[in-house]
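Residues per chain are reported as follows:
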Amino acid sequence: MGILGSYRMRWARKRLRYRARLKRYELSSIVDRTPDLKPDDILLFSTLRNEKVRLPYFLDYYRKMGVRHFLIVDNDSNDGSGEYLADQPDVSLWHTESSYKKSRYGVDWLNHLQSRFGHGHWCLTVDADEFFLYPFCDTRPLDALTDWLDSCSIRAFGAMLLDMYPKGRLEDEPYQAGMNPLEIACWFDSGNYSMERNPKYWNLWIQGGPRARVFFPHTPNRAPALNKIPLVKWDKRYAYVNSTHMLLPRGLNLVYDEWGGEKASGVLLHAKFLNTFGERAVEEAKRKQHFDGSFEYQTYAKAAGNSPQLWNSWSEKYINWRQLEILGLMSKGNWA
């Protein structure tokens, strides 16, 4: 894109940061424990709505990984999510009744919080149904990874979103609070993925998996993107552009090796497909607060009544991160 393209990207980043500053007025602080933050704390940022049943395991999972503080925006939950989070000693909570869609699907809210509180910290940005895996996560805490990234002057770490699903109908095994959702949704597609480099933002665009196979078989280009950059050594000048799919400045999106090598990368195990999926899909289709007029959720809602099964004879049962590396879905790169 040359000099003109770089100039446009700088202005785009300034606009995103300006939007985030304006959107801060939509957030009401419920509990602010950020004065307790320490310089080396790893932080987790998330926007959610009506996720109380998922929260006990979600928080426990990331606490054990090494996250020290959670900064969460509650988008007008009515299931007790806000009350539950406010009682957690390592959570700072903001509430908003404003439009998720008009905040660019929560990105503006989190860009503001990351700019204000994340500067100089390693920040993990995930949804309540996403579970981060990285090389050696079974033996090394998250700060071992971030220390290595710091030593290599790497500022961002990529992860592929891997849709997990049960064998059989989604409603066959109810999910209960505190359960590991991967005990139910323990299967995934080991192939069936397409990758394309985005020339504007330099990131890889990945699509495919069970959602493309089952819900978007005739329009695979409309299937959800699976490329994410969830872990970033944040700087107040940075901004997410579209969910965690890409950032500005663009150099942060180069989490893959263009020259035939292999950079370290992780996986986000995506436990969306539980018995709660159908009801949630219908609700979000009606709210129309998601991307493209909630086309994705409208597609899910239409299929939900037919009890779709995502499992097929090519499905793989999840074992551990090493299995995913062997399959080429993540990589330890040069981290030994």
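Residues numbered from 1 in each chain as written. Predicted model: local features only at pLDDT ≥ 70, side-chain atom pairs only at ≥ 80, totals over all residues. Heavy atoms only, no water.

Participant: Just to check I follow, could you spell out the side chain of Lys23 for this structure?
Facilitator: As for its placement among the helices and strands, Lys23 is situated in helix H1 (residues 2-23). Given a relative accessible area of 15%, Lys23 falls into the buried group. Residues in contact with Lys23, not counting those within four places in the same chain, are Lys102, Ser103, Asp108 and Trp109. (Helix = DSSP H or I, 4+ residues; strand = E, 2+ residues; numbered from the N terminus. Buried < 20%, exposed > 50% of the residue type's maximum accessible area, 1.4 Å probe, protein only. Contact = heavy atoms within 4.5 Å.)

Participant: Any chance you could explain the nonpolar core here in plain terms?
Facilitator: Proteins that are soluble and globular tend to have nonpolar side chains buried together. Tyr62, Phe132, Leu142, Leu145, Leu269 and Leu324 are the most contacted members of the largest nonpolar core, which has 56 residues in total. Excluding anything up to four places from it in sequence, Tyr62 contacts Leu44, Val67, Phe70, Leu124, Val126, Glu130, Phe131 and Phe132. Ranked by size, the runner-up nonpolar core spans 23 residues in total, among them Leu27, Leu37, Tyr100 and Trp109. (Core = buried A, V, L, I, M, F, W, Y, C linked by side-chain atoms within 4.5 Å.)

Participant: Just checking my understanding: could you explain the environment of Thr34 for this structure?
Facilitator: Mapped onto the elements, Thr34 comes out in the loop between strand E1 (28-31) and strand E2 (43-48). Spatially, the C-alpha atoms of Thr34 and Phe117 are 7.6 Å apart, while their sequence positions differ by 83 residues. Each residue touching Thr34, except ones within four places of it in the same chain, is listed here: His69, Leu71, Ser92, Trp94 and Phe117.

Participant: Which parts of the structure should I look at to understand the pattern of salt bridges?
Facilitator: Opposite charge on two side chains makes pairing possible when the charged atoms of those side chains draw close. Applying the stated criterion to the full structure yields 14 salt bridges. One continuous salt-bridge network, built from bridges that share partners, spans Arg19, Arg104 and Asp108. (Salt bridge = Lys/Arg side-chain N within 4 Å of Asp/Glu carboxyl O.)

Participant: Sorry if this is basic, but what is going on with the sheet that holds strand E7 (residues 156-163) here?
Facilitator: Two orientations exist for strands paired in a sheet by backbone hydrogen bonds: parallel and antiparallel. Spatial ordering of the open sheet is given by E1-E4-E3-E2-E5-E11-E7-E14-E6, a layout of nine strands whose pairing is mixed. Looking along the sheet, the strands with just one partner apiece sit at the ends: E1 and strand E6 (130-133). Adjacent strand axes in the sheet meet at a mean angle of 25° when their direction is disregarded. As defined by bridge partners, strand E5 (residues 122-125) adjoins strand E11 (residues 227-233) across three bridges and the pair is classed as antiparallel. Paired with Cys123 across the bridge in E11 is Val232. Here helix H5 (residues 142-151) sits on the sheet and contacts E5, E6, E7 and E11; the angle it forms with E11, its principal contact strand, is near 80°. (Pairing = 2+ DSSP bridges. Axes fitted to C-alpha atoms, helices over the stretch in contact; angles between N-to-C directions.)

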